[in-house]
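# Tertiary structure, described
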Amino acid sequence: MNASIKNALIVFIEEKDIVSSWGITNISVNDYTIAFNVNGFIYSGSIVIFCNTSCYKIVFSDGKTIECSINELVSVLDTNIEYSQDYEKKLRKWIDSLL
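Definitions and cut-offs
Residues numbered from 1 in each chain as written. Predicted model: local features only at pLDDT ≥ 70, side-chain atom pairs only at ≥ 80, totals over all residues. Heavy atoms only, no water. Phe/Tyr/Trp six-rings, centres within 6.5 Å; stacked < 30°, edge-to-face > 60°. Helix = DSSP H or I, 4+ residues; strand = E, 2+ residues; numbered from the N terminus. Buried < 20%, exposed > 50% of the residue type's maximum accessible area, 1.4 Å probe, protein only. Core = buried A, V, L, I, M, F, W, Y, C linked by side-chain atoms within 4.5 Å. Contact = heavy atoms within 4.5 Å. Disulfide = S-S within 2.5 Å.

It is worth spelling out the packing of aromatic side chains at this point. Taken as a whole and assessed by the stated rule, the structure comprises 4 aromatic pairs. Relative to Phe36, the ring of Trp22 lies with its centre 6.5 Å away and its plane at 15°, an arrangement referred to as stacked. Separated by 14 residues along the polypeptide, Trp22 in the loop between helix H2 (16-20) and strand E1 (25-29) and Phe36 in strand E2 (residues 33-39) bring together distant segments of the chain. One exposure class covers both Trp22 and Phe36, and it is buried. Taking 5.0 Å as the distance between ring centres and 85° as the angle between the ring planes, the aromatic pair formed by Tyr43 and Phe60 counts as edge-to-face. One end of the pair, Tyr43, is in the loop between E2 and strand E3 (44-51); the other, Phe60, is in strand E4 (residues 56-60), and 17 residues separate them in sequence.

Here's what the structure looks like:
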């Protein structure tokens, strides 16, 4: 496992409250990628993160691709998977649907 993968995994652990809100499942890690499925308010599907020394390339199953730094990784993922301007409203609605 290369250092970029390790750094990404450490960031995911440090930001576990945000990462766990994505409904993340089927996590797979190898030497150069992290792959997983999510079930968020904005996006549901698979994601593969390709790691190299200069950036992280995020590929969504719908074809969308984004490049970012380690400092932006969780934020970029969150704004594409879960968080939006009306996040609290969506969260309340979801909680109400469970009751």
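More follows now that the structure is in view.
Once that is clear, we can look at the nonpolar core. Counting 23 residues, the largest nonpolar core has Phe12, Ile47, Ile49, Ile58, Leu73, Leu77 and Ile81 as the members making the most contacts within it. The biggest single contributor to this core is helix H3 (residues 73-81), with 5 residues. Once residues lying within four places of it in the same chain are set aside, the contact partners of Ile58 are Ile47, Val48, Ile49, Lys64, Thr65, Ile66, Cys68, Leu73, Val76 and Leu77.

Per the counting criterion, the structure on display carries 0 disulfides. Here Cys51 stays free of any disulfide, with the sulfur of Cys55 as its closest cysteine sulfur at 9.2 Å. You can see Cys55 has no disulfide; the closest cysteine sulfur is in Cys68, sitting 7.7 Å from it.

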